[in-house]
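# Structural characterization, general
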Amino acid sequence: MAKILYVEDNPANRLLVRQVLEPAGHTLLEASDGPSGIRLAQDGQPDLILMDINIPGLNGYETTTRIKSLPGLAEVPIIALTAKVMAGDRERALTAGCDGYIAKPIDVDRLPRQINEFLSGRREKVTREEENIYLREYNERLVSHLEQKVKELSSANQDLTRTDRMKSRFIDMAAHELRTPLTTVRGYLGILTAPGNTFLANADDATLELIDGIVTGVDRLRGIVQDMLDVTRIEAGTLQLRQSPINLAQVYQKIGREFAPVVHKRQQMLTIGDASHVPTIWADGERVIQILRNLVSNAIKYTPDGGRIEISTEMMGTPPQPYLKITVADSGVGIPPEQLEKIFENFHEVRAIEHHSTSKTDFMGSGAGLGLAIARGVAEAHGGSLWAESPGYDPATFPGSKFYLILPFGQPPKD
Ligand code: ADP
């Protein structure tokens, strides 16, 4: 008894053939379109394939030609089943690679016998002259089908580009609209909390704590809005850099000071290698700090309490193109190989959105997934690059991750 694959989009026909073939002892595999028929032919290795010709997408002729070209499937008989009985249908099917032809409607009394004949080696053939005629027609139809698909794809691609542009415009507009009231709120908070003013002179600790919470929340919101603006500028290639001479050792000191309290809270060890020997580089200092801040806060987030984070610097390349290679290494959960590039995409999130937290430093607290995309965009705007390496993700053994930042030394602007 045989394993038979039936490629047919009409479920009623599939049911009918099943009801005929299963009592005859055959096993039936079913596919409702060409691509899944091809996949099932490869995975299921059937003894015979019944192919409906009028199926959407890849039609039965094209699916047959493809299956016949696959290793191990050239010898499997494919029998065309078609309702549209036009002159030349049989020849068309045989020219495309079918080994037999059965006209619909299916004659349930004859079908098992017809199938047994093909299983026992019956093959139908066309003459060479017929094949030449139909091959030419088949090729012409294939090319016109291909042309239509290319048109559809390029129109779908245009739609996607338009939607993507709309998305960027929306993010940009939303960020701009949010920035103005936030700046006002932050300004009032600044006045309220400025040293020496009388507003809070008599406030108790609970009130001061509340105000402190509001300041933190507003600053975090401003950070998110700034990230949204950065993302759209990077996408549009309009990120402006303010180049100035940078002393890397001072940048590291700032990072060390900034993260000292959280590193202490998480009982982690942040080691920053000596950079006093590194010559002055020309870069946008605030933007370089933004990259390092992102890498270090991620390292803290994805490393358990008590873990290690290390920043080291190498001078590489030779004049006229020397560059710095800065490594931020951690002893954290690591990154699975298939995510190593994806984490640099906008809004990429490795874990579900419910894990998002407002904390930038809690263990495994995810954010909006913009940090690394921006960091890479900023590195590239400097003519550098940013990538990650990791042996894999393992929240039990902590294999760690390494982020590499390449930063050219840059040149003073010419006036
Ligand atoms: P998020 O706001 O989610 O932290 P990022 O763009 O900074 O966004 O990071 C994207 C993702 O990359 C994170 O959600 C995390 O899964 C992964 N990731 C980043 N840094 C590390 C790291 N040091 N160790 C492990 N995973 C990391």
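Computed from a prediction, not measured in an experiment: that's the story for all the values here.

## A few points about a nonpolar patch on the surface
- Taken together, the side chains of Tyr188, Ile191 and Phe199 define a hydrophobic patch exposed on the protein surface, amounting to about 380 Å² of accessible area.
- Within the fold, Phe199 resides in the loop between α6 (128-193) and α7 (205-236).
- We classify Phe199 as exposed; its relative accessible area is 57%.

## Overview of the sheet that holds strand β1 (residues 3-7)
- Sheet architecture is open: five strands sit in the order β2-β1-β3-β4-β5, paired in parallel fashion. What marks the edges here is a single partner per strand, and that holds for β2 (27-31) and β5 (100-103). Across the sheet, the mean angle separating the axes of adjacent strands is 20 degrees when strand polarity is ignored.
- In this sheet, β5 lies alongside strand β4 (residues 78-82) in parallel orientation, the contact comprising four bridges. Among the inter-strand pairings, Ala80 is bridged to a residue of β5, identified as Tyr101.
- Running over the sheet, helix α1 (residues 11-21) touches β1, β2 and β3 (48-52) and is turned about 170 degrees from β2.
- Together, β3 and β4 form the strand contacts of helix α3 (residues 60-68), whose direction differs from that of β3 by roughly 155 degrees.

## What to know about the domain arrangement of the protein chain
- One can read the domain layout of the protein chain as domain 1 (3-126), domain 2 (155-236) and domain 3 (244-408).
- Each of domain 1 and domain 3 has a C-alpha centre, and the two are 57 Å apart.

## Re the layout of surface pockets
- Taken as a whole, the second largest pocket holds about 180 Å³ of empty space.
- For the lining of the second largest pocket, the secondary-structure elements that each account for two or more residues are α4 (89-96) and α6.
- Residue composition of the lining of the second largest pocket, by class: three nonpolar, three polar and five charged.

## Points about α7
- The terminal C-alpha atoms of α7 lie 47 Å apart, and with 32 residues this matches the ideal 46 Å at 1.5 Å per residue to within 8%.
- Within the sequence span of α7, burial applies to Ile211, Val215, Val218, Val225, Met228, Leu229, Asp230, Val231 and Thr232.
- In this structure, the buried residues of α7 make contact with α6, α9 (285-301) and α10 (371-381).
- Following α7 by one or two positions, Gly237 adopts a phi angle in the positive range, close to 70 degrees.

## Examining the environment of Gly273
- Of note, Gly273 is situated in the loop between β7 (269-272) and β8 (281-283).
- Note on Gly273: relative accessible area 27%, which makes it partly exposed.
- Filtering out sequence-adjacent residues up to four positions away, Gly273 remains in contact with Tyr252 and Ile311.

## Quick word on the sheet that holds strand β9 (residues 308-316)
- Read across the open sheet, the five strands follow the order β7-β9-β10-β12-β11; overall the sheet is mixed. Here the strands that pair on one side only, and so sit at the sheet edges, are β7 and β11 (385-389). The mean inter-strand angle of the sheet, taken between neighbouring strand axes irrespective of direction, is 15 degrees.
- Alignment of strand β10 (residues 323-330) against strand β12 (residues 401-408), held across eight bridges, turns out to be antiparallel. Paired with Lys325 across the two strands is Ile406, which belongs to β12.
- In this fold α10 packs onto β11 and β12, with an angle of close to 135 degrees to the strand it touches most, β11.

The rules behind the values
- Residues numbered from 1 in each chain as written.
- Predicted model: local features only at pLDDT ≥ 70, side-chain atom pairs only at ≥ 80, totals over all residues.
- Heavy atoms only, no water.
- Patch = residues over 30% accessible without salt bridge, like charges linked within 9 Å, V, L, I, M, F, W, Y side chains within 5 Å.
- Areas by Shrake-Rupley, 256 points an atom, 1.4 Å probe, with all protein chains shown as cover.
- Salt bridge = Lys/Arg side-chain N within 4 Å of Asp/Glu carboxyl O.
- Helix = DSSP H or I, 4+ residues; strand = E, 2+ residues; numbered from the N terminus.
- Buried < 20%, exposed > 50% of the residue type's maximum accessible area, 1.4 Å probe, protein only.
- Pairing = 2+ DSSP bridges.
- Axes fitted to C-alpha atoms, helices over the stretch in contact; angles between N-to-C directions.
- Contact = heavy atoms within 4.5 Å.
- Domains from an automatic or database assignment.
- 1 Å grid on protein atoms, 1.4 Å probe; cavity = no way out; pocket = protein on both sides within 12 Å on 5 of 7 lines; lining within 4 Å.
- Points joined across faces, edges and corners; volume = space filled by probe spheres on them.
- Nonpolar A, V, L, I, M, F, W, Y, C, P; charged D, E, K, R; others polar.
- Expected span 1.5 Å × (residues − 1).

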